[in-house]
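A look at the structure
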Amino acid sequence: MSTEAKVGAFVLVSMVVLGIMVYFVQTKQAVRGETSFKTYFRYAGGLSPGALVLFGGIRVGEVSDVKPSHEDPTLIEVSFKVKRDTPLNEDSTARFGTLTFISTPALLITTGMNGARRLQSGETVRSEESVSWDDVARVANIAAQSANALMTDLHQEIPTLTGKAATALANVNEITGPANQQQIAGILSELNTTLNRESTRIVQMTDQISALAKHADSLVASARPVVSNMDRTVTNANSTVDAIREPLTKDLAELGVALQQTRSVLDALQNAVGAQTEDIAATVRNLRAASENVRTLTETLKERPWNLIRTTQPPDRKVPR
Amino acid sequence: MAPEIAFTFLEPIGRRVILVVRETGLLILQLWATIWRLPRVLPMVGGRRRWQQAVQQMFAIGVSALPMVGMMSLCLGFVLTLEGAADLRRFGILKFVIALVAASFTRELGALVTGIAVSSRSASAIAAEIGTMRVTGQWDALLVKGISPIDFALAPKFAAALITIPCLAILSTVCGLFAGYLFLSLTVGINARIYSGAVFETILLRDVWIMLIKSVVFATIIVQVGYFEGVRVRGGPEAVGQAATFAVLKSTFLVIVADLNAAFFFYLMGWNSVG
């Protein structure tokens, strides 16, 4: 093998190895994500660019940016990229966590619901605030303090409680003592005797109550058609009222409008009469004069009917001599 | 009296600073001249004989160094995995051992091991070769014939180093990663698929480019320093040996300093984040 061949093989092998390395690294880097999403937290828990993004526990991408939100600086905006076909949906929620106890934080996204709408690139994934270790420690500290206070109180109250418990136990002992036991036995014995004595009457009363119940049943059965009829009647009345309610309402509304119009007409008439009072008085006077004239004419016609034919008085007829 | 003592104290420092600045300047000028003459080595553009020389140098610098570089990387990979696994296994986070080996070799050790190995082999060889030419009068003969020593001796070596040292760095990285796999496979029976998955999940493409950039820088340092030390040879054979020793020392030191600077530079550029 010549020197050139050895050198050529050496360079070729190196280039092939480099090519394979670049190919596999690029393939793995493609997993680092192509589709961008955002989510918001109040506490980001040490998430940083490059942190893993797990969808249902599967690695699908990585966090690309973590910064305070422009719109609301009290929120931390976490941008991340996932593989193109990752089925994030509206019900998916994001929270941060760690894969192992000592590993760096990762963004964990739940799979959501099957029927939920798929999220598009750039949309916001709902977030679920996680509790920081500081918060846990603070709560534990508060709980410990409360427990301490509680223990102190208990220590103070235990003697009192013990005394009360002893008294209660003594009372219980007294109640369940031999004397009370004898009394209770006597009461039970008397009760038993009474029951034996009155059992016949109790049986009779039970029979009567049964008979009464039967009567009540038959009464209820006979009343059932009446109730049914009443129901129907009420239903009919209801339907009638329902049927006429609308036209009646309309008529009443129209009547109200008519009354309003009448009132306005009367007002107008009154105004007109008020304005024409003088004229009406003059007209009445004229009418009165006219009726006087007519009366005079009537009188005149009664006395001199010929006036209808002649205006001048005819000469008196000569009386034959 | 006091000023004389101060001068006695300051003079060596000043002399050394001037020397370093002068040598740096000369190295930069030499590098510039080499880059300027590099096309004359290329097969299509330059002379055929120069390219043949370059191929010979590729064999000497690259192919011959492969067993040594490979062995060094294998050993280092074993050591790194062993040390990492010894501590991290206790926490059940063996994946981080793979990440440690992958990131270390791709970003740092692959190129560095290659640089140190080649500087110890080739820088001394180049310095000895050029020094011998100086001592035996071949250098003067070249000048008399009107042949540029940079054309004749430096440019082919530089071209060969620029091509082969990145190749060596790639193979060195592969050897280191293979050592990690071998160790984990023998100790915990790790699957090759899981191992390679974890490796490629850890390294980023920019890590590969960083490794190649570093190896090109190391190639430049090794060849230029070796040649520079060879050119400075005056006198007899002892000077040749001394030049070879200086070449190894200086090139190795400069390779490590350059690695530090590169790491600092890439850190400032934000390229050192974990993938």
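Residues numbered from 1 in each chain as written. Chains lettered and ligands numbered in written order. Predicted model: local features only at pLDDT ≥ 70, side-chain atom pairs only at ≥ 80, totals over all residues.

**Brief notes about the overall build of chain A**
To keep it simple, the criterion reads: Each helix corresponds to a stretch of at least 4 residues labelled H or I by DSSP, and each strand to a stretch of at least 2 residues labelled E; elements are numbered beginning at the N terminus. Around each residue's C-beta, the other C-beta atoms within 10 Å are counted; 20 or more make the residue buried, 12 or fewer make it exposed, and counts in between make it partly exposed. All C-beta atoms are placed from the backbone. Once C-beta atoms are placed from the backbone, any two residues with those atoms within 7 Å are in contact.
Tallying secondary structure elements over chain A gives four helices and seven strands in all. Moving toward the C terminus, one meets the helices and strands of chain A in the order α-β-β-β-β-β-β-β-α-α-α. Relative to its 321 residues, chain A shows a buried fraction of 12%. Pairs at least 24 apart in sequence give 61% of the contacts found in chain A among residues at least 6 apart.

**A few points about the overall build of chain B**
Check the secondary structure of chain B and you find nine helices and zero strands. Listed by position from the N terminus, the elements making up chain B come as α-α-α-α-α-α-α-α-α. Counting all 275 residues of chain B, 45% fall into the buried class. In chain B, the proportion of contacts linking residues at least 24 apart, taken out of those at least 6 apart, comes to 84%.

**Examining the interface of chain A and chain B**
Let me state the cut-off plainly: The nonpolar class holds Ala, Val, Leu, Ile, Met, Phe, Trp, Tyr, Cys and Pro. Asp, Glu, Lys and Arg form the charged class, and all remaining residues, Gly among them, are polar.
With 19 residues of chain A at the contact, the number on the chain B side is 22 residues. Per-class residue counts for the side of chain A that touches chain B are ten nonpolar, six polar and three charged.

**Side note on helix α3 (residues 66–88) of chain B**
As a reminder, the rule being used: Take the number of residues in a helix, subtract one, and multiply by 1.5 Å to get its expected span.
If you check α3 of chain B, its first and last C-alpha atoms are 32 Å apart, about what 23 residues at 1.5 Å a residue would give, namely 33 Å. Of the residues making up α3 of chain B, those classed as buried are Leu66, Val69, Gly70, Ser73, Leu76, Gly77, Leu80, Thr81, Gly84 and Ala85 of chain B.

**Concerning the sheet that holds strand β3 (residues 58–68) of chain A**
Residues and elements named next belong to chain A. This is how it is decided: Here, a strand pair is defined by DSSP locating no fewer than two bridges between the strands.
Taken together, the seven strands give an open sheet; going across it, the order is β1-β4-β3-β2-β6-β5-β7, and neighbouring strands pair in mixed fashion. Strands with a single pairing partner mark the edges of an open sheet, and in this sheet they are β1 (35–41) and β7 (126–127). Sheet analysis places strand β5 (residues 93–98) next to strand β6 (residues 105–109), joined by five bridges and oriented antiparallel. In the strand pairing of β6, Gly97 is matched with Ala106.

**Structural notes on the environment of Ser120 of chain B**
Of note, Ser120 of chain B is situated in helix α4 (residues 94–136). Apart from the residues within four sequence positions on either side, Ser120 of chain B is in contact with Val248 and Thr252 of chain B.

**A look at the packing of helix α2 (residues 48–63) of chain B against helix α6 (residues 149–188) of chain B**
All names here are of chain B. What counts here: In this analysis, axes come from line fits to C-alpha atoms, helices being fitted only over the stretch in contact, and the angle between any two N-to-C directions falls in the range 0 to 180 degrees. Here roughly perpendicular refers to angles of 65 to 115 degrees, roughly parallel to angles under 35, roughly antiparallel to angles over 145, and oblique to all remaining angles. We call a crossing left-handed when the near helix sits turned anticlockwise from the far one by less than a right angle, and right-handed when that turn is clockwise.
Between α2 and α6, the least distance of the axes is 8 Å, while the angle of their chain directions is 40°. Relative to α6, the element α2 is oriented oblique. The two elements α2 and α6 meet at a crossing, and its hand is right-handed. Together, Arg50, Gln53, Ala54, Gln57, Met58, Ile61 and Gly62 of α2 and Ala155, Pro156, Lys157, Ala159, Ala160, Ala161, Ile163, Thr164, Ile165, Cys167 and Leu168 of α6 make up the contact between the two elements. Split by residue class, the contact of α2 with α6 holds twelve nonpolar, four polar and two charged.

**Some thoughts on the confidence of the model for chain B**
Selection criterion: Confidence of the predictor in every single residue is expressed as pLDDT, which spans 0 to 100.
Of all residues in chain B, 96% have pLDDT values of 70 or greater, and the mean over the chain is 88. For this predicted complex, the interface confidence comes out at an ipTM of 0.85, alongside a pTM of 0.59.

**Some remarks on the nonpolar core**
Generally speaking, soluble globular proteins have nonpolar side chains that are buried together. Definition in use: In this description, a nonpolar core means buried residues of the types Ala, Val, Leu, Ile, Met, Phe, Trp, Tyr and Cys, linked to one another by C-beta atoms lying within 7 Å.
Counting residues in each nonpolar core, the largest one holds 86 residues, and the members touching the most others are Leu168, Ile222 and Ala247 of chain B. Broken down by secondary-structure element, the contributors of at least two residues to this core are α1 (3–31) of chain A together with α2, α3, α4, α6, α7 (192–202), α8 (205–231) and α9 (237–268) of chain B. By residue number, the principal contributor to this core is α6 of chain B, which donates 21 residues. In this view, Ile222 of chain B contacts Val118, Ser119, Ser122, Ala123, Ala161 and Ser251 of chain B; residues no more than four positions away in its chain are not counted. Judged by nonpolar contacts, the second largest core, of 21 residues, contains Phe37, Ala94, Phe96 and Leu108 of chain A.

**Details of helix α3 (residues 178–275) of chain A**
Residue and element names in this part refer to chain A. The criterion, for reference: One fitted axis covers the seven residues ending at a residue, a second covers the seven starting there, and the bend at that residue is the angle between these axes.
Relative to the 146 Å expected for 98 residues at 1.5 Å per residue, α3 spans just 113 Å between its end C-alpha atoms, considerably shorter than the ideal helical length. Of all the bends in α3, the largest measures some 55° and sits at Glu198. Within α3, only zero of the 98 residues are buried, leaving the element largely exposed.

**Details of the packing of α3 of chain B against α6 of chain B**
Residue and element names in this part refer to chain B. Where α3 contacts α6, the axes come no closer than 7 Å and their chain directions differ by 40°. Accordingly, the angle class assigned to the pair α3 and α6 is oblique. Read as a crossing pair, α3 and α6 show a hand that is right-handed. Residue-level contacts link Leu66, Val69, Gly70, Ser73, Leu74, Leu76, Gly77, Phe78, Thr81, Leu82 and Ala85 of α3 to Leu168, Leu171, Ser172, Cys175, Gly176, Leu177, Ala179, Gly180, Phe183, Leu184 and Thr187 of α6. Here the contact of α3 with α6 is composed, by residue class, of 14 nonpolar, eight polar and no charged.

**Considering the environment of Lys95 of chain B**
Within the secondary structure, Lys95 of chain B is located in helix α4. With 99 residues separating them in the primary sequence, Lys95 of chain B and Ile194 of chain B have C-alpha atoms 9.4 Å apart.

**Some points on the confidence of the model for chain A**
Should pLDDT be low for a region, the predicted coordinates there are not to be read in detail. For chain A, per-residue confidence averages 85 on the pLDDT scale, and 94% of positions sit at 70 or higher. Of all helices and strands in chain A, the one with the weakest mean pLDDT is β5 of chain A (84), whereas strand β4 (residues 76–82) of chain A scores best (90).

**Describing the environment of Tyr227 of chain B**
Residue and element names in this part refer to chain B. Mapped onto the fold, Tyr227 is located in helix α8. Overall, Tyr227 belongs to the buried group, with 26 C-beta atoms counted inside 10 Å. Each C-alpha atom of the pair Tyr227 and Ala243 lies 9.6 Å from the other, and the pair is 16 residues apart in sequence. Discounting chain neighbours no more than four positions away, the residues touching Tyr227 are Ile126, Ile130, Ala153 and Leu154.

**Side note on the pairing of β5 of chain A**
The pairing of β5 of chain A with β7 of chain A spans two bridges and is classified as parallel. The residue bridging Ala94 of chain A from the neighbouring strand is Ser127 of chain A, located in β7 of chain A.

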